[in-house]
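Understanding the architecture of this molecule
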Amino acid sequence: MALTISYIVNSQECTYTFLGEISDFHDGTPINQATIYSKSLDKYYVSDSHGKFKVEDLCKGILDLVVSHVACETKKISIVIDADTYKSIIMEHHIQDLGEVSIKSFGINKETKTGQESIIKSDVINKYSAMSLGDVLKEVQGVSSLNTGSTIVKPIINGLHSSRILIMNNGVRQQDQEWGIEHAPNIDINTASQISVIKGSGALAYGGDAIGGVVVINPNRVINKDTVYGRTIIGGQTNGSGYNITSTINKNYKSGWFGQVQGSYKINGDFKAPDYYLTNTGLNSKGISARFGKNKFESGFELYYSYFDNEIGILKSAHIGNIKNLATALNAPVPLFTDDLGYDIIEPKQEVEHNLFKASYYKRFKNFGKVDIQYDYQNNQRFEFDIRRGGRSEKPAVDLKLQTHTVSVNAKIDNNQEQKHNFGLLARYQNNFANPDTGIRRLIPDCDKYDFGIYTTNEWSIKDNLIVDSGLRYDFSRIDALKFYRVSAWENQGYDEDFRDIIVGSVVAGEVINDVINTNASQYLTNPIFDFHNISASIGIKYDLNDNQHLSLGYNLASRAPNASEMFSDGLHHSAARIETGDIRIDSEHSHRISATYAYNASKFNLQVESYYNTINDFINLIPSSDGIIPLIRGPFPSWEYTQTNASIFGLDVTTNYQITENLNANHKSSFIKGYDKKADLPLIDIPPFITTNSISYTNSKWHNFNASLQSEWVFKQNEFPNEYNYTVAIANEDDINVDLSPPPAYHLMHIQGELTLPVFKQSNLNIRLSVDNVFNTKYRNYLNRLRFFADEMGRNIKLQLQLNY
């Protein structure tokens, strides 16, 4: 770097003085001990405690200086010298504190200071390149999954799932009809560089309705450096004879400009249980994403687009035409339909497309902080295909299109290192269109949803070892629907007395008569409009007992408005093989969660214990209804209904890590959880059983970073299940059929993996990873898999993955 001082000389007298004053961009405080260098004078200067420095005996001309300081971006300045001159110099001090801190390992939080948060880093995410978001999240203690087969995986955080979990995908709240238990997040895991899992509603900036927790997915951090880098992952597996490929390339510039392009493709044939193939369980998935923008300290912007497409086969034997078929399937030793390995995906199946676009801009202001503005749009198209009569299987039984527009503004005030404050507001419009051309009564109606939210979060560093944070949020939601009700169902639910005013028309002889309540009507056309006002809050403390131990305590109030499914479901949910009925009387549910975390971190041993107790008032619960079995054209189906009760969920998550020797490491994770319906005095359904995993690993950096590990996974039987939900079906001229929904037995699995990294080119390396899941080909069924009634889980699976980093 060449720096000069040039002079336009009118006289030989060089008597001018330059006085500089260096201050912090954020809070205006003086920066002490900054280094100022002039190559032409070949002199160094240092700022004093007031941030000032002086250069004397200057001639008329241009003075070029380079100013640097620890944790600051080096700054070059040019000053015209034609008299004694003063200049204020603003430095971007503590730049590393502003959301760009690399996450260390055990127990270090990023999104929250006091919350129960775990970080999944890129090296772990890459191992799951061929799998789903729900699979990788199970790396975190206290997180399990609700499955529909092996490919539809919904995360469960401390016993809660679906609409009670908020997923942030590169700063955008994922909107993909998460209300369905067989609707998995439509996210390509290969777009993620880091994932934060926050249990409870400790991150109010993202939403107040995250009763279960928040999942924050972040892409690669932008590096202000002239560089090109990327990675390509190719993998294959024996179970399902599947293969996958993903590739990402990044181009960054020192000026702050950046771009990224990523693409993925994955295909699997029918998976295999230990004794038979799981016919029609294949998967065809593809996704692309692109980022472009400019990232400078004072301002920047980003444009982001992603497209994700999934075609997922549903186990053919899980297609139940009626309750008798269900009983037959339950009692069959093997699935009713088995075939050899195939890649064709036929009905029943799902086809889902998700498009996401984001445009964001940020600006930092002196002595204030940072302001972000963002607009995002999402388009989610879901088709569910069933086996239908009359050659209509190619027409979807469910055709839903969800479009979401969101605008948000956030301000972060960080001009005081002892306290930080965030403020923000959000406006969202959402339209759900249920296509009537399916020829089947729509499960949920057309509806518009309007959301508005405003929040503040605060953080105070009381002492060096004590941090307190808090948050407060208000959310308004309006649902404006247009729905047809059968007159008989309308009256049976008592709506004729409570909601007569929302009827806007009648269906008589197949024709809609607007603005009329006709006594001869077969259906009523209604326009229900419901408003919900919700308050959420949080407060937490983190106290460092000493250099190795800390204690965190927290209280979270979360409030969630009901979704369209909970209010308006009305008919046969084909993929769930049951009739579901919503209730427009359902109101918001409110969660009061208290938590405590103890962490001990030493050089060779780490321990983290997380406890929680969650009381949820007006908990929205989907349970078997008193109607029992309802006959339809396809046959009798069990009837389920949405109700509200009071629930309590509590548990304990434990993680330990012990460095036995320099090369040998042991890890343990356990999760214990209980959940109860306090009104009915019954256990809640779909509560995970006790799970404990233990692993031992060997690492040797001298052997090309060789690593090998053996993992034991124990899943206990869920002994607490509401047996009242089992039922008996009477079939004419046949014996009664008992339908037993009780949990399956406990099971134990062993997994093994090994990897090493080889140099390939000058600045490239190749990671080779070989793993075996379910080493002993154990036969078992998972309580949290909806298809456990019809087939065993996957058997042994050998996977090979090659990752080229360049």
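Scroll up to find the structure.
Residues numbered from 1 in each chain as written. Predicted model: local features only at pLDDT ≥ 70, side-chain atom pairs only at ≥ 80, totals over all residues. Heavy atoms only, no water.

Let us look at the overall build of the protein chain. For the protein chain, the count of helices and strands is six helices and 45 strands. Counting only C-alpha atoms, the protein chain reaches 120 × 70 × 50 Å along its principal axes. By the burial criterion, 54% of the 806 residues in the protein chain qualify as buried. Within the protein chain, contacts between residues separated by at least 24 positions form 65% of all contacts whose residues are at least 6 apart in sequence. Within the structure as shown, the protein chain displays about 35300 Å² of accessible surface, and the carbon and sulfur contribution to it stands at 54%. Both charge centroids of the protein chain, one from 76 positive and one from 91 negative side chains, sit 5 Å from each other. (Helix = DSSP H or I, 4+ residues; strand = E, 2+ residues; numbered from the N terminus. Buried < 20%, exposed > 50% of the residue type's maximum accessible area, 1.4 Å probe, protein only. Contact = heavy atoms within 4.5 Å. Areas by Shrake-Rupley, 256 points an atom, 1.4 Å probe, with all protein chains shown as cover. Lys, Arg positive; Asp, Glu negative; His and termini not counted. Charge placed at Lys NZ, Arg CZ, Asp CG, Glu CD.)

Below, the discussion takes up the sheet that holds strand 9 (residues 116-120). Spatially, 9-14-15-12-13 is the arrangement adopted by the five strands of the open sheet, whose pairing is mixed. Every other strand in the sheet has two partners, leaving strand 9 and strand 13 (172-173) as the edge strands with one partner each. Examined bridge by bridge, strand 9 and strand 14 (residues 194-199) share five bridges and lie antiparallel to one another. Bridged to Ile120 within strand 14 is Ile195. (Pairing = 2+ DSSP bridges.)

This part covers a nonpolar patch on the surface. There is a patch of nonpolar side chains on the surface, built from Tyr253, Trp257, Ile288, Phe292, Leu303, Tyr305, Phe357, Tyr375 and Val407 and spanning about 770 Å² of accessible area. Listed by contribution, the elements that provide at least two residues to the nonpolar patch are strand 19 (283-295) and strand 20 (299-313). With respect to the helices, strands and loops of the structure, Val407 is situated in strand 23 (residues 398-416). (Patch = residues over 30% accessible without salt bridge, like charges linked within 9 Å, V, L, I, M, F, W, Y side chains within 5 Å. Salt bridge = Lys/Arg side-chain N within 4 Å of Asp/Glu carboxyl O.)

Under the counting rule described, the total for this entry stands at one disulfide. Each sulfur of the disulfide joining Cys14 and Cys59 lies 1.4 Å from the other. Looking down the S-S bond of the Cys14 and Cys59 bridge, the torsion is 65 degrees, so its handedness is right-handed. Of this pair, Cys14 sits in the loop between strand 1 (5-7) and strand 2 (16-24) while Cys59 is found in the loop between strand 5 (52-58) and strand 6 (61-68), placing the two residues 45 residues apart along the sequence. (Disulfide = S-S within 2.5 Å.)

Bringing the pattern of salt bridges into the picture now. Inspection of every chain in the model, using the stated rule, returns 28 salt bridges. The shortest N-O distance in the salt bridge between Asp309 and Lys286 comes to 3.3 Å. Here Asp309 is found in strand 20, whereas its partner Lys286 is found in strand 19, with 23 residues between them in sequence. Taking the relative accessible area as the measure of exposure, Lys286 reaches 36% and is therefore partly exposed. A salt bridge links Asp451 to Arg428, with the shortest nitrogen-to-oxygen separation between them at 3.8 Å. With Asp451 in strand 25 (residues 446-463) and Arg428 in strand 24 (residues 419-434), this residue pair connects regions lying 23 residues apart in the sequence. An identical accessibility class is assigned to Asp451 and Arg428; each is buried. One salt-bridge network, held together by shared partners, links Arg164, Arg560, Glu566 and Glu589.

Further remarks concern the environment of Thr693. Within the element layout of this structure, Thr693 appears in strand 39 (residues 691-700). Classification of Thr693 as buried rests on a relative accessible area of 14%. Distance in space between the C-alpha atoms of Thr693 and Met168 is 28 Å, their sequence separation being 525 residues. Among all residues touching Thr693, those that are not within four sequence positions of it are Asn667, His668, Lys669, Ser712 and Glu713.

Tracing the chain through its elements places Ser591 in strand 34 (residues 589-601). On the basis of relative accessible area, Ser591 is assigned to the buried category, the value being 2%. A distance of 2.6 Å separates polar atoms of two side chains, one belonging to Ser591 and the other to Asn614. For Ser591, the residues in contact, after removing those within four places along its chain, are Ile211, Asn556, Leu557, Ala558, Asn614, Thr615 and Ile616. (Polar contact = N/O pair within 3.5 Å; in protein donor to acceptor, adjacent residues only side chain to side chain.)

Let's shift gears to the sheet that holds strand 8 (residues 85-91). One open sheet accounts for three strands, arranged 5-2-8; its pairing is mixed. Strand pairing shows two members of the sheet lacking a second neighbour, strand 5 and strand 8, which therefore form its edges. If you compare each strand with its neighbour and ignore which way they point, the axes differ by 20 degrees on average. Two strands pair when backbone bridges link them, and strand 2 and strand 8 are joined in this way by seven bridges, in the parallel orientation. Bridged to Asp24 within strand 8 is Met91. (Axes fitted to C-alpha atoms, helices over the stretch in contact; angles between N-to-C directions.)

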